[in-house]
Amino acid sequence: MPVDSLLIVEILTRVGERYSIAIPADRQSAEATPSVRAFARAVREAVIERQQS
């Protein structure tokens, strides 16, 4: 299922604020996320990385 790039930018901003993680909320990041699954994986990895640091 494809994800709208503007929606991804909005979600990245909110997730970044909520979990204090750094996922660039820009057009390039949004376009590099081809599906909901890929998006969720990227967020999960960033959260885990943040918890380990």
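Along each chain, numbering runs from 1 in the same order as the chain's sequence is written. This being a predicted model, a pLDDT of at least 70 is required before a residue's local features are given, and a value of 80 or more before pairs of side-chain atoms are given or counted; all residues contribute to the totals for chains, interfaces and linings. Water and hydrogen atoms play no part in the side-chain values, which are based on all heavy atoms of the structure.

The next subject is the overall build of the protein chain. Each helix is a run of H or I in the DSSP string that is no shorter than four residues. Each strand is a run of E no shorter than two, and both are numbered from the N terminus. When helices and strands are tallied, the protein chain shows three helices and zero strands. Partly exposed residues are those whose accessible area sits between 20% and 50% of the maximum for their type, while under 20% is buried and over 50% is exposed, using a 1.4 Å probe and protein chains only. Considering the protein chain as a whole, with its 53 residues, one finds that 30% of them fall into the buried category. Taking the contacts inside the protein chain whose residues are at least 6 apart along the sequence as the reference set, 57% of them involve residues at least 24 apart. The method behind every accessible area is Shrake-Rupley, applied with a 1.4 Å probe, and residues are considered shielded solely by the protein chains displayed. By element, 52% of the accessible surface of the protein chain is carried by carbon and sulfur atoms, the whole surface being about 4200 Å². Should any heavy atoms of two residues lie within 4.5 Å, those residues are considered in contact.

With that settled, consider the confidence of the model for the protein chain. Known as pLDDT, the predictor's per-residue confidence is scaled from 0 to 100. Residues at a pLDDT of 70 or more form 74% of the protein chain, whose mean pLDDT is 76. Element-level mean pLDDT values for the protein chain span from 65 in helix 2 (residues 27-31) up to 82 in helix 3 (residues 36-52).

This part is about the nonpolar core. Remark: nonpolar core denotes a set of buried residues (Ala, Val, Leu, Ile, Met, Phe, Trp, Tyr, Cys) joined through side-chain atoms within 4.5 Å. By size, the foremost hydrophobic cluster in this structure holds nine residues: Ile8, Leu12, Val15, Ile21, Ile23, Phe39, Val43, Ala46 and Val47. If you list the elements that add at least two residues to this core, you get helix 1 (5-19) and helix 3. Take this core: its biggest share by element is four residues, from helix 3. Discounting residues that sit within four places of it in the chain, Val15 has contacts with Ser20, Ile21 and Val43.

Right, let's get into unusual backbone geometry. Excluding glycine, residues mostly carry a negative phi; peptide bonds, for their part, are mostly trans. With a phi close to 55°, Ser20 is a non-glycine residue in the positive phi region. Looking at Ser20, the relative accessible area reads 43%, which means it is partly exposed.

The next subject is helix 3. Take the residue count of a helix, subtract one, and multiply by 1.5 Å to get its expected span. Here helix 3 spans 24 Å end to end across 17 residues, near enough to the 24 Å set by a 1.5 Å rise per residue. The set of residues buried in helix 3 consists of Ala38, Phe39, Val43, Ala46 and Val47.

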